Amino acid sequence: MSTNFIQKINILRPYFLTLFAFLFFLNNRAQNKNLKPNVILVLTDDQGYGDVGALGNTIIKTPHIDNFHKESFHLTNFHVGPTCAPTRSGLMTGRYANSVGVWHTVGGWSLLRENEKTLANMFEEAGYKTGGFGKWHLGDNYPFRPEDRGFQETVMHGGGGIQQTPDYWNNTYFNDTYFHNGKPEKYEGYCTDVFFNEAIRFIQTNKNKPFFCYIATNAPHGPYNVPLEYYNLYKDLGNAILTDTQKRFYGMITNIDDNFGKLRKQLKELNIADNTILIFMTDNGTSSGYINRNGKIKGYNAGLRGTKGSEYDGGHRVPFFIHWKDGKISSSKDIQTLTSQLDIMPTLADLCDINLPKNHQPLDGTSLSPIFRGNDTLKNRMLVTDSQRVQQPKKWKNSAVMQDNWRLINGKELYNVATDKGQQNDIASKNPEKVKYMRAFYENWWNQVSVDFDKEIYFKIGSKKENPITLTAHDIHSTGPFAWDQTHIRKGVVSAGYWSVDILESGTYKVSLRRYPIESKLPINATIDGISKEELPGLEKEIPEGKNLNFLKASIQFDNQINIEKGVEKDDKAIEFKVKLNLGKTKLFANFTDINNNTNVAYYVYIEKL
């Protein structure tokens, strides 16, 4: 081969490499075009309608979400449950929370009934890779866990928030231990950063196949622990503008915004942004973004009445932005149709051209795909949202019947938010026929959702999928106080109640009662130090010390089967009972008794089939 020819080849080599790279890019782009769209659903916790700059808040810093708003369709009359778990159950199933067993956030009624199918089931059956990161809040035991409900990859905290009773002991939002596919694993960094980082890792791994990625941050749910760099963005604002709690709350949201921006940048770098359906929404009204004390207002609520937990719009009307460039959902457009989280499952099924999950229950939601295409098929539709947070739901309790801009509150007050956004002018007496019509709709709705109110949801004891099983005081059936948070465990909050359990197989079981969880390695009557703000900058407030509760006895009762008591010695970490249990459903009572003969529930119970 001549030297001349080799020289020409060397000269042309960079051009060939550029051509090959371009052809590879085109091929990769063509392959991505042929894929079904990816879906990323970002759900934040306790961030209300007014806690976004694009929706009129002039103080909060959310530049990435604001830019996303400019490229998205916005559902401006979008409603969820007034609290966390009910919203998530409706989002996951397309069905009313009261129908699926989730009308509370604790107390055994935040467990998604096992016959219900989820968004993750739907996408998994359609061949998608599925990942969930952050907050689940629909059960921490088999068969309620996210990995039992269609999620193939999970990094989640326990319970309804970091530092709650089912969560890993001593989590603080910083350098915590979360559950990776159900197993505890240590992570470095702030919680929101961790959840987004793990979601991005999942996306990078699955970029060449369709995926469903659910990023459900626990922020800005309290406690309002936040990196100082984000708190400092608001620190110098006067207390007449924001309270210290609100400064922390806003800092947590700005941190979410930065992570949202990082996520969008990564999608572009991976060349999958255009064929990805990206949704930003929140789970209920603001928890701390708006305070009105005797007319002295701090924060912003977009003119809405009520906050988290309220039956008024401020409790359940939330932001919803959706973007999908390849689907021609990429310009700023307000959609004022009455919509809800119940609509997300059928909508995504339509947009992705996939089937609803097999054996799903009848949906209460409706696909919004026609509305996105300019055909409003939902005029005059009616919806109900309510906030129960009791053991047995009560008719009309904290309820809102909605039709377009009409709101019937608690079956009595009537508002038209088109002319009365703040719901200040009750016009029920002027519109008796409207009240009658909306009350009739509620009656039919109540008959539908109340069918299974008396059907308790049971923890599975002796299952090979989870043996031993951990039960916590977060999930006892009780009408009194709940020790649902680890600060309650430290303070010794007195609780009383029982767990509904299903013994799957007759046999011998070991039942262990603890005041502190097994990973703490603490004795039942230990006194433990608190954690100060000086020790961990970023804490909202000091984590309290753990008191010695002076327990002398421990007891278990399986309804009418077993009733046993044992003494508690000084250094005991657990009191263990070896018992024979019969197959079937029953109630478990597990308690400690102190030196004054006061009874308190065992905060943690471990049951193992031997």
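Right, let's walk through the structure included here. Quick caveat: nothing in here was measured; it's all calculated off a predicted structure. All residue numbers refer to positions counted from 1 along the written sequence of the respective chain. Selection of residues for local features in this predicted model requires a pLDDT of at least 70, selection of side-chain atom pairs for listing and counting requires 80 or more, and totals for whole chains, interfaces and linings are taken over all residues. Neither water nor hydrogens contribute to the side-chain values; these are computed over all heavy atoms in the structure.

Thoughts on the overall build of the protein
Phase 1 of the analysis: Only DSSP runs of H or I covering at least 4 residues are called helices, and only runs of E covering at least 2 are called strands; the numbering of each starts at the N terminus. What the protein contains, in helices and strands, is 12 helices and 28 strands.
Phase 2 of the analysis: In summary, the protein has a C-alpha radius of gyration of 26 Å against a globular reference of 25 Å for 610 residues, a match within 12%.
Phase 3 of the analysis: Sorting the 610 residues of the protein into buried and exposed places 59% on the buried side.
Phase 4 of the analysis: Restricting the contact set of the protein to residue pairs at least 6 apart, pairs at least 24 apart contribute 70%.
Phase 5 of the analysis: When the accessible surface of the protein is split by element, carbon and sulfur atoms take 48% of a total near 24800 Å².
Phase 6 of the analysis: By the counting scheme adopted, Arg and Lys are positive, Glu and Asp are negative, and His together with the chain ends is not counted. Charge positions come from single atoms, namely NZ of Lys, CZ of Arg, CG of Asp or CD of Glu. Here the protein holds 73 positive side-chain charges and 66 negative ones, and the gap between their average locations is 3 Å. C-alpha atoms define the radius of gyration in this analysis, and the globule rule sets the expected value at 2.2 Å times the number of residues to the power 0.38. Burial here depends on accessible area, computed with a 1.4 Å probe over protein chains only, as a share of the maximum for the residue type. Under 20% is buried, over 50% is exposed, and the range in between is partly exposed. We call two residues contacting when some pair of their heavy atoms lies within 4.5 Å. Note on areas: Shrake-Rupley, 1.4 Å probe, and residue coverage restricted to the protein chains presented here.

Topic: the sheet that holds strand E16 (residues 399–403)
Phase 1 of the analysis: Two strands make a pair as long as DSSP finds a minimum of two bridges between them. If you trace the four strands from one edge of the open sheet to the other, you get E15-E16-E17-E18, paired in antiparallel fashion. Two strands in the sheet have a free side with no partner beyond their single neighbour: strand E15 (382–386) and strand E18 (413–416). Each strand of the sheet is rotated relative to its neighbour by a mean of 20°, with strand direction disregarded.
Phase 2 of the analysis: Looking at chain direction, E16 and strand E17 (residues 406–409) are connected through four bridges and run antiparallel. Paired with Met402 across the strands is Arg407, a residue of E17. Note on geometry: axes are C-alpha line fits, over the in-contact stretch for helices, and angles between N-to-C directions span 0 to 180 degrees.

Observations regarding helix H2 (residues 63–70)
Phase 1 of the analysis: The complete set of buried residues in H2 reads Ile65, Asp66, Phe68 and His69. Here the buried residues of H2 occupy an arc of 160° about the axis, which is enough to place them on one side.
Phase 2 of the analysis: Where H2 is buried, its residues touch strand E2 (73–75), helix H7 (244–269), strand E9 (276–282) and strand E12 (320–323). To obtain the arc, one takes the directions from the helix axis to the C-beta atoms.

So, the pattern of salt bridges
Phase 1 of the analysis: By salt bridge we mean one thing: a side-chain nitrogen of Lys or Arg within 4 Å of a carboxyl oxygen of Asp or Glu. Applying the stated rule across the entire model yields 18 salt bridges.
Phase 2 of the analysis: Put simply, Arg264 and Glu71 hold a salt bridge, and the shortest N to O gap is 2.9 Å. Of this pair, Arg264 sits in helix H7 while Glu71 sits in the loop between H2 and E2, and the two are 193 residues apart along the sequence.
Phase 3 of the analysis: Two residues, Arg407 and Asp313, come together in a salt bridge whose shortest N-O distance is 2.9 Å.

Digging into the environment of Gly538
Phase 1 of the analysis: On the secondary structure map, Gly538 appears in the loop between strand E22 (507–514) and strand E23 (551–558).
Phase 2 of the analysis: On the accessibility criterion, Gly538 (4% relative accessible area) is buried.
Phase 3 of the analysis: Not counting chain neighbours up to four residues away, the residues in contact with Gly538 comprise Phe174, Tyr224, Asn225, Val226, Leu228 and Arg248.

Some points on a negative patch on the surface
Phase 1 of the analysis: A grouping of Asp529, Glu534, Glu535, Glu542 and Glu545 is seen on the molecular surface, where their side chains present a negatively charged patch.
Phase 2 of the analysis: As for its placement among the helices and strands, Glu535 is situated in the loop between E22 and E23. Residues forming no salt bridge and having over 30% relative accessible area are the ones grouped into patches, like charges within 9 Å of each other and nonpolar side chains (Val, Leu, Ile, Met, Phe, Trp, Tyr) within 5 Å.

Some remarks on the packing of H2 against H7
Phase 1 of the analysis: Contact geometry of H2 with H7 gives a least axis separation of 7 Å together with a crossing angle of 55°. Regarding the angle of H2 to H7, the classification is oblique. Contact residues: Pro63, His64, Ile65, Asn67 and Phe68 in H2; Asp257, Asp258, Phe260, Gly261 and Arg264 in H7.
Phase 2 of the analysis: The class makeup of the residues in the contact of H2 with H7 is four nonpolar, three polar and three charged. Reported orientations rely on four angle classes, namely roughly parallel under 35 degrees, roughly antiparallel over 145, roughly perpendicular from 65 to 115, and oblique for the rest. Put simply, Ala, Val, Leu, Ile, Met, Phe, Trp, Tyr, Cys and Pro go in the nonpolar bin, Asp, Glu, Lys and Arg in the charged bin, and everything else, Gly too, in the polar bin.

Quick word on the sheet that holds E22
The strands that make up a sheet pair up through hydrogen bonds in the backbone, lying either parallel or antiparallel.
Phase 1 of the analysis: Here we have four strands laid out as an open sheet, ordered E20-E28-E22-E25, and antiparallel in their pairing. Looking along the sheet, the strands with just one partner apiece sit at the ends: strand E20 (469–472) and strand E25 (575–581). Each adjacent strand pair in this sheet contributes to an overall mean axis angle of 25°, direction not counted.
Phase 2 of the analysis: Bridging between E22 and E25 involves seven bridges; their strand directions are antiparallel. Within the sheet, the bridge partner assigned to Lys510 lies in E25 and is Lys578.

Some remarks on the nonpolar core
Phase 1 of the analysis: We call a set of buried Ala, Val, Leu, Ile, Met, Phe, Trp, Tyr and Cys residues a nonpolar core when their side-chain atoms join them within 4.5 Å. Of all hydrophobic cores here, the largest spans 73 residues; its most connected members are Trp499, Leu513 and Val605.
Phase 2 of the analysis: One finds Phe68, Tyr178, Ala199 and Phe321 within the second-largest nonpolar core, a separate group that totals 50 residues.

Describing the side chain of Gln486
Phase 1 of the analysis: For Gln486, the location among the structural elements is in helix H12 (residues 486–491).
Phase 2 of the analysis: Polar contacts, as used here, are pairs of N or O atoms within 3.5 Å; protein pairs need one atom able to donate a hydrogen and one able to accept it. Residues neighboring in sequence count only if both atoms are side-chain atoms. At a separation of 3.2 Å, a polar atom in the side chain of Gln486 contacts the main-chain carbonyl oxygen of Gln164.
Phase 3 of the analysis: Within the local environment of Gln486, its side chain forms a polar contact with the backbone oxygen of Tyr168, the two atoms lying 3.2 Å apart.

Brief notes about the environment of Arg373
Phase 1 of the analysis: In this fold, Arg373 is placed in the loop between helix H10 (369–372) and E15.
Phase 2 of the analysis: The exposure class of Arg373 is partly exposed, given its relative accessible area of 46%.
Phase 3 of the analysis: Separated by 220 residues in sequence, Arg373 and Thr593 place their C-alpha atoms 63 Å apart.
Phase 4 of the analysis: With sequence-adjacent residues up to four places away left out, Arg373 is seen in contact with Trp324, Gly327, Ile329 and Leu351.
Phase 5 of the analysis: Side-chain polar atoms of Arg373 contact the backbone oxygen of Gly327, separated by 2.9 Å.

Things to note about helix H5 (residues 191–205)
Phase 1 of the analysis: Expected helix span is given by 1.5 Å per residue-to-residue step, counting one fewer step than there are residues. Between the first and last C-alpha of H5 there are 21 Å, a value that for 15 residues agrees with the 21 Å anticipated at 1.5 Å per step.
Phase 2 of the analysis: The inward-facing, buried residues of H5 abut strand E1 (38–44), strand E4 (129–134), strand E5 (153–156), strand E6 (177–180), strand E8 (211–216) and H7.

Details of unusual backbone geometry
Phase 1 of the analysis: Cis geometry is found at the peptide bond from Tyr142 to Pro143, where omega equals 5°.
Phase 2 of the analysis: Among the structural elements, Pro143 can be located in the loop between E4 and E5.
Phase 3 of the analysis: Positive phi is not limited to glycine here, since Lys328 has a value of about 60°.
Phase 4 of the analysis: Mapped onto the elements, Lys328 comes out in the loop between E12 and strand E13 (333–335).
Phase 5 of the analysis: Residue classification places Lys328 among the exposed positions, given a relative accessible area of 68%.
Phase 6 of the analysis: Located in the positive-phi region is Asn410, a residue other than glycine, with phi close to 55°.
Phase 7 of the analysis: The topology assignment puts Asn410 in the loop between E17 and E18.

Side note on the environment of Lys265
Phase 1 of the analysis: With respect to the helices and strands, Lys265 occurs in helix H7.
Phase 2 of the analysis: In this structure Lys265 comes out as exposed when scored by relative accessible area, which is 54%.

Focus on the packing of aromatic side chains
Here the distance between the centres and the angle between the planes together describe a pair of aromatic rings.
Phase 1 of the analysis: The pairing test for Phe, Tyr and Trp rings, Trp by its six-membered ring, is centres within 6.5 Å, and the orientation test on the planes gives stacked under 30 degrees, edge-to-face over 60, and tilted for anything in between. In total, this model carries 33 aromatic pairs according to the counting rule given.
Phase 2 of the analysis: Here the aromatic rings of Tyr312 and Tyr415 are separated by 6.2 Å at their centres, their planes lie at 70°, and the arrangement is edge-to-face. Residue Tyr312 is found in the loop between strand E11 (296–299) and helix H8 (313–316), and its partner Tyr415 is found in strand E18; the two are separated by 103 residues along the sequence.
Phase 3 of the analysis: Each member of the aromatic cluster is reached from another via a ring pair, and the members are Tyr96, Trp103, Trp109, Trp396, Tyr442, Trp445, Trp446 and Phe453.
Phase 4 of the analysis: The side chain of Arg317 reaches across the aromatic face of Tyr49, ending 4.4 Å from its centre.
Phase 5 of the analysis: Positioned over the ring face of Phe73 is Lys333, at 5.1 Å from the centre of the ring. Two limits define a charge over a ring: the Lys NZ or Arg CZ must be within 6 Å of the ring centre, and within 35 degrees of the ring normal.

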